[in-house]
Amino acid sequence: TANIESGDFDIGAEGLNGDGEFIMKIRRVLPDFLAQTGDTRVTLNLRDFPNDTQASSTLGPFTITSGTQKIDTRARARSISLKVSNTSTSQFWRLGTFRIDYQPDGRR
């Protein structure tokens, strides 16, 4: 089996890079696979504080088939990382560009 996980990302105020000041409200994820054989799992790792050694919570795993158009979520976090993994050894996927529908949802 295989998996890959992105680094953490966050959002900032207008004109500023992400600095972790704002909480994100994540509504949906649009998976994009350039090639996919079998099912794939997508997990969102949510962090509330930058020094957390592990995710404060996870959302998923969501099973993605070749016909999956979107993943609807109701998540809030200061930063997020995305993990993509196989469900068995006979599967294959090649990532495209995932899109995440999010917006600022308050300050801490």
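Structure shown above.
Since the structure is predicted, the reported quantities are computational estimates derived from the model, not experimental observations. (Residues numbered from 1 in each chain as written. Predicted model: local features only at pLDDT ≥ 70, side-chain atom pairs only at ≥ 80, totals over all residues. Heavy atoms only, no water.)

Draft legend 1. How the structure looks around the overall build of the chain. Tallying secondary structure elements over the chain gives 0 helices and 9 strands in all. The secondary structure elements of the chain, listed N-terminal to C-terminal, are β-β-β-β-β-β-β-β-β. A buried classification covers 31% of the 108 residues belonging to the chain. Put simply, of all contacts in the chain between residues at least 6 apart along the chain, 75% involve residues at least 24 apart. Surface summary for the chain: the accessible area is close to 6,700 Å², and the carbon and sulfur share equals 43%. (Helix = DSSP H or I, 4+ residues; strand = E, 2+ residues; numbered from the N terminus. Buried < 20%, exposed > 50% of the residue type's maximum accessible area, 1.4 Å probe, protein only. Contact = heavy atoms within 4.5 Å. Areas by Shrake-Rupley, 256 points an atom, 1.4 Å probe, with all protein chains shown as cover.)

Draft legend 2. Region of the structure containing the packing of aromatic side chains. A complete count under the given rule lists 1 aromatic pair for this structure. Summarising the aromatic geometry, the rings of F33 and F98 are spaced 5.4 Å apart at their centres and angled 85° between planes, so their arrangement reads as edge-to-face. Placement of F33 in strand β3 (residues 33–37) and of F98 in the loop between β8 (92–95) and β9 (99–107) is noted, with a sequence separation of 65 residues between them. By relative accessible area, F98 is classed as buried at 17%. (Phe/Tyr/Trp six-rings, centres within 6.5 Å; stacked < 30°, edge-to-face > 60°.)

Draft legend 3. Spatial organisation of the sheet that holds strand β1 (residues 3–5). With respect to topology, 4 strands assemble into an open sheet ordered β1-β7-β4-β5, the strand pairing being antiparallel. Edge positions in the sheet fall to β1 and β5 (57–64), since each of these pairs with one other strand and no more. Put simply, the sheet's adjacent strands are angled 15° from each other on average, direction ignored. Both strand β4 (residues 40–47) and strand β7 (residues 79–86) contribute to a ladder of 8 bridges, which runs antiparallel. In the strand pairing of β7, L44 is matched with L82. (Pairing = 2+ DSSP bridges. Axes fitted to C-alpha atoms, helices over the stretch in contact; angles between N-to-C directions.)

Draft legend 4. View of the side chain of S79. Checked against the element boundaries, S79 lands in strand β7. Contacts of S79, omitting those with residues within four sequence positions, involve D8, F9, D10, M24, N45, L46 and R47.

Draft legend 5. Molecular detail of the pattern of salt bridges. Counted under the stated rule, the structure contains 6 salt bridges. Of the charged contacts in the structure, one is a salt bridge between D32 and R99, with a shortest N-O distance of 3.9 Å. Pair noted here: D32 is in the loop between β2 (22–30) and β3 and R99 is in strand β9, with a separation of 67 residues, a long-range link. In this structure R99 comes out as partly exposed when scored by relative accessible area, which is 46%. One salt bridge in this structure joins D72 and K70, with 3.5 Å as the shortest N-O distance. Using a relative accessible area of 48% as the deciding quantity, one classes D72 as partly exposed. A cluster of three or more residues bridged by salt bridges with shared partners is formed by R28, K70, D72 and D101. (Salt bridge = Lys/Arg side-chain N within 4 Å of Asp/Glu carboxyl O.)

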